[in-house]
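# Remarks on the overall topology
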Amino acid sequence: MMLKDFAAFILDLDGTLIDSEGYHARAFADAVLAQSGYALNAAEEKEFFGSHSLRFTEILNRRHGLSLDPVRVLEHKRRRVHEIFEAKPFHGALDFLQAWHGRKPMALATNSPLGFVMPALEKAGLKRFFDHITTADEVAHRKPSPEIIEVTLRKLGVEPLKTLVFEDQLIGIEAARAAGTHVVAVDNGQGVSFPADVVVRTWRDLLGGQEME
């Protein structure tokens, strides 16, 4: 598989380009604690990475007999993220974007809302690299639904099989697969195996050459 053979790239944000998932998990845990008194354990904070606030609140309600309002938890979590968040691109992410900027159309497709995404991109210095940005505000269903990827494909005007998606979690890989694209999993230190076309440890692994084994 050669990077140059694809017509466009679609990239996830949280946990893929920027090291933000820990902030989201901490903010979610703070929201749950404030509204119910329940403290997430370390395993549940990690489990949150592969979900999103509305869905995981319902999981906690069923699991622990809580009566949390998912919308209130999400609103609280978003406020808390803005208080604690620092935008830190993963090692090699900026180099990758610079290497392909102007050579391939690139779009962002993220489960995060626009109000978080735009400030994060500005702080991380990444906004200028993207021709299109699709956020959770534009779709009825977040990943693992393919809707965010499908909307982004229409913006780019490219066929799914000619598009390479970069993700870091199973829900994003499932969304990309369901949309009919190829997908690269960027592990970024998680140390797990993903059902992607290619799995790389870091963005630096994509800079040494254009061919992916």
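Right above here is the structure, for reference.
Below, the structure is looked at part by part. These numbers were taken from a predicted model, which means no experiment stands behind them. (Residues numbered from 1 in each chain as written. Predicted model: local features only at pLDDT ≥ 70, side-chain atom pairs only at ≥ 80, totals over all residues. Heavy atoms only, no water.)

## Looking at the side chain of E167
Tracing the backbone shows E167 in strand β4 (residues 163–167). Residue classification places E167 among the buried residues on the basis of a relative accessible area of 2%. Among the polar contacts made by the side chain of E167, one reaches the side chain of K143 at a distance of 2.8 Å. Residues within four places of E167 in sequence aside, it is in contact with D12, T16, K143, G172, I173, V183, V184, A185 and V186. (Helix = DSSP H or I, 4+ residues; strand = E, 2+ residues; numbered from the N terminus. Buried < 20%, exposed > 50% of the residue type's maximum accessible area, 1.4 Å probe, protein only. Polar contact = N/O pair within 3.5 Å; in protein donor to acceptor, adjacent residues only side chain to side chain. Contact = heavy atoms within 4.5 Å.)

## Looking at helix α3 (residues 53–64)
Think of an α-helix as turning once every 3.6 residues; residues three or four places apart then point the same way. With twelve residues, α3 should reach 16 Å at 1.5 Å per residue; the first-to-last C-alpha distance of 16 Å fits that figure. Every buried residue belonging to α3 is among S53, F56, T57, L60 and N61, and all of these are buried. On an axial view of α3, the arc spanned by its buried residues comes to 150°, and they lie on one face. Looking at the buried residues of α3, the elements they touch are α1 (21–36), α2 (42–48) and α4 (70–84). (Expected span 1.5 Å × (residues − 1). Arc of directions from axis to C-beta.)

## Overview of the layout of surface pockets
Here the largest pocket defines a volume of roughly 390 Å³. Lining the largest pocket are 27 residues; nearest its centre among them are D14, H24, S51, N111 and S112. When residues of the lining of the largest pocket are traced back to their parent elements, those giving at least two are α1, α4, α6 (114–124) and α8 (170–179). Here the element with the most residues in the lining of the largest pocket is α4; it accounts for five residues. For the lining of the largest pocket, a count of residues per class yields seven nonpolar, eleven polar and nine charged. By volume, the second largest pocket is sized at about 220 Å³. The residue inventory of the lining of the second largest pocket, partitioned by class, reads four nonpolar, six polar and six charged. (1 Å grid on protein atoms, 1.4 Å probe; cavity = no way out; pocket = protein on both sides within 12 Å on 5 of 7 lines; lining within 4 Å. Points joined across faces, edges and corners; volume = space filled by probe spheres on them. Nonpolar A, V, L, I, M, F, W, Y, C, P; charged D, E, K, R; others polar.)

## Looking at the packing of α1 against α4
Contact geometry for α1 and α4: axes closest at 8 Å, N-to-C directions at 130°. The angle between α1 and α4 falls in the class oblique. α1 and α4 meet at a crossing whose hand is right-handed. For the pair α1 and α4, contact is made by Y23, H24, R26, A27, F28, D30, A31, V32, A34 and Q35 and by R72, V73, H76, K77, R80, V81 and I84, respectively. The residue inventory of the contact of α1 with α4, partitioned by class, reads nine nonpolar, three polar and five charged. (Axes fitted to C-alpha atoms, helices over the stretch in contact; angles between N-to-C directions. Parallel < 35°, antiparallel > 145°, perpendicular 65-115°, else oblique. Left-handed = near helix turned anticlockwise from the far one by under 90°.)

## Side note on the packing of aromatic side chains
Scanning all chains against the criterion turns up eleven aromatic pairs. Relative to F48, the ring of F28 lies with its centre 4.6 Å away and its plane at 20°, an arrangement referred to as stacked. One end of the pair, F28, is in helix α1; the other, F48, is in helix α2, and 20 residues separate them in sequence. Of the two residues examined, F28 and F48, each falls in the buried class. With a centroid separation of 6.0 Å and 65° between ring planes, the pair formed by F48 and F56 is classed as edge-to-face. A relative accessible area of 6% places F48 in the buried class. Look at F56 and you get buried, because its relative accessible area is 0%. Connected via pairs of aromatic rings, a cluster forms that spans F9, F96, W100, F166 and W203. (Phe/Tyr/Trp six-rings, centres within 6.5 Å; stacked < 30°, edge-to-face > 60°.)

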